[in-house]
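Listed below are the residues making up each chain.
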Amino acid sequence: MTGKANPDAKPWKVMTASGRMDALAGAELEKTCHEAIQAHPQVALDLRTVVYMSSAGLRVLLSSLKLASSRNGKFVLIGPQELVRETLEMSGFSRIFQIVDDPSLLA
Amino acid sequence: MKHPAGGKAKGVLPAPGKAYGLELPAEPESLPVLRAFAEAIALEGGFEERARNHIQLALEEIAVNILMHGSGLGSDFRIRAILGPGLIRWEILDTGKPFAFDQAASRYEGIPTVEQPVGGLGLFLVKKVMDEVHYEPATPLGNRIILIKYKETS
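This is a predicted model, so every value here is computed, not measured.

Thresholds, definitions, all that
Residues numbered from 1 in each chain as written. Chains lettered and ligands numbered in written order. Predicted model: local features only at pLDDT ≥ 70, side-chain atom pairs only at ≥ 80, totals over all residues. Helix = DSSP H or I, 4+ residues; strand = E, 2+ residues; numbered from the N terminus. Buried ≥ 20, exposed ≤ 12 C-beta atoms within 10 Å, placed from the backbone. Contact = placed C-beta atoms within 7 Å. Nonpolar A, V, L, I, M, F, W, Y, C, P; charged D, E, K, R; others polar. Pairing = 2+ DSSP bridges. Axes fitted to C-alpha atoms, helices over the stretch in contact; angles between N-to-C directions. Parallel < 35°, antiparallel > 145°, perpendicular 65-115°, else oblique. Left-handed = near helix turned anticlockwise from the far one by under 90°. pLDDT = per-residue confidence, 0-100. Core = buried A, V, L, I, M, F, W, Y, C linked by C-beta atoms within 7 Å. Arc of directions from axis to C-beta.

Turning next to the overall build of chain B. Broken down by element type, chain B carries 4 helices and 5 strands. Looking at chain B as a whole, 34% of its 154 residues are labelled buried. Put simply, of all contacts in chain B between residues at least 6 apart along the chain, 67% involve residues at least 24 apart.

Here you go:
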């Protein structure tokens, strides 16, 4: 199969979070995400090495999605581990986020 | 999950258990201490990783609530844990202003939107991950939240 690069495709800015997305880490992560969203139309947050997420982490995700939406951009999540995925699902957040398993799947 | 012994009084242990206690200042630096305390007890009780994650999540949400809305930075809050047969019971006491727990916990209904702020998300998660949640405002010892997690049985 051969492919042709879409010249109109916007590049993705992929950021990586790791460890715990909790009340202690929330403010700094939110600042970093918002700065990236303001600089790039499409931002993906790689969650593959995040081991824990509380409501503080969820709020960071939501405020980032809100900011991206207000700028007609995208904010996508990559590869949450099982326990983090469970938190996303039971909070209902998985309904409003695009979640991909791998950065290569970003379209 | 249902209590393994069936019906019972709210938040009451079916049998005596092993007790632990901790008193912490209401400040962000207490959160990692609380986490380590909870993890050690849950491990000792033989709880699986998923249940330990639920316990950490619930305790963090309650502690953050006390930090934000309780008696203020620098005041103390107390945690008691009891490992009973097939369960762990947490009791969190603080001396802050009592609040309408159920009302706060029901502000969020599990459907986020980017248009609306999500008030009550932390308490919503607490009720999701714990098997029992009881709030008793203004007891002689302060406001008391009781959280119970049962061990999964297969």
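On we go.
Taken together, the contact between chain B and chain A spans 18 residues of the former and 18 residues of the latter. Mapped by element, the contributors of at least two residues to the side of chain B that touches chain A are helix H2 (49–69) and helix H4 (121–129) of chain B. With 7 residues, the single largest contributor to the side of chain B that touches chain A is H2(B). Looking at the side of chain B that touches chain A residue by residue, the class counts come to 10 nonpolar, 4 polar and 4 charged.

What follows covers the sheet that holds strand E4 (residues 132–139) of chain B. All names here are of chain B. Spatial ordering of the open sheet is given by E1-E2-E3-E5-E4, a layout of 5 strands whose pairing is antiparallel. At either end of the open sheet lies a strand with only one pairing partner, and these are strand E1 (18–25) and E4. When the angles between neighbouring strand axes are averaged without regard to direction, this sheet yields 15 degrees. Two elements, strand E2 (residues 76–84) and strand E3 (residues 87–94), share 8 bridges in a ladder whose sense is antiparallel. Each bridged residue has a counterpart across the sheet, and for Leu83 the counterpart in E3 is Ile88.

Right, let's talk about the sheet that holds strand E2 (residues 42–53) of chain A for a bit. All names here are of chain A. Spatial ordering of the open sheet is given by E1-E2-E3-E4, a layout of 4 strands whose pairing is parallel. Only two strands of the sheet have a single partner each, and these edge strands are strand E1 (13–21) and strand E4 (99–100). Taken together, the 8 bridges between E1 and E2 define a ladder with parallel strand orientation. Looking across to E2, one finds that Met21 is bridged to Met53. The sheet strands contacting helix H1 (residues 26–39) are E1, E2 and strand E3 (74–78), and the helix crosses E1 at an angle near 170 degrees.

To continue, consider the packing of H1(A) against helix H2 (residues 55–70) of chain A. Residue and element names in this part refer to chain A. Axis separation between H1 and H2 bottoms out at 9 Å; the angle between their running directions is 15 degrees. Judged by the inter-axis angle, H1 sits roughly parallel to H2. The interaxial crossing formed by H1 with H2 has right-handed handedness. Residues Gly26, Leu29, Glu30, Cys33, His34 and Ile37 of H1 lie in contact with H2, whose contacting residues are Ala56, Gly57, Arg59, Val60, Ser63, Ser64, Leu67 and Ala68. Across the contact of H1 with H2, the residue classes break down as 7 nonpolar, 5 polar and 2 charged.

Moving on to the confidence of the model for chain B. Of all residues in chain B, 86% attain a pLDDT of 70 or more, and the chain-wide mean is 85. Listed scores for the predicted complex are pTM 0.87 and ipTM 0.87.

Bringing the nonpolar core into the picture now. In this structure, A:Leu45, B:Ile55, B:Ala58, B:Ile62, B:Ile88 and B:Val126 are the most contacted members of the largest nonpolar core, which totals 64 residues. Examining the composition of this core, we find that 10 residues originate from one element, H2(B), more than from any other. Here A:Leu45 is in contact with A:Met15, A:Ala17, A:Cys33, A:Leu77 and A:Ile78, once residues within four sequence places are set aside.

On to helix H3 (residues 82–90) of chain A, then. Residue and element names in this part refer to chain A. Buried residues of H3: Val84, Thr87 and Leu88, and no others. With its buried residues spanning 100 degrees around the axis, H3 presents them on a single face. Residues of H3 that are buried make contact with E2. After H3 finishes, the residue Gly92 shows a positive phi value of roughly 85 degrees.

The next point concerns the packing of helix H1 (residues 30–44) of chain B against H2(B). Residue and element names in this part refer to chain B. Contact geometry of H1 with H2 gives a least axis separation of 10 Å together with a crossing angle of 145 degrees. Pair H1 / H2 crosses with right-handed handedness. Along its contact with H1, which presents Ser30, Leu31, Leu34, Arg35, Ala38, Glu39, Ala42 and Leu43, the element H2 presents Ala51, Arg52, Ile55, Gln56, Leu59, Glu60 and Ala63. When grouped by side-chain class, the residues that make up the contact of H1 with H2 number 9 nonpolar, 2 polar and 4 charged.

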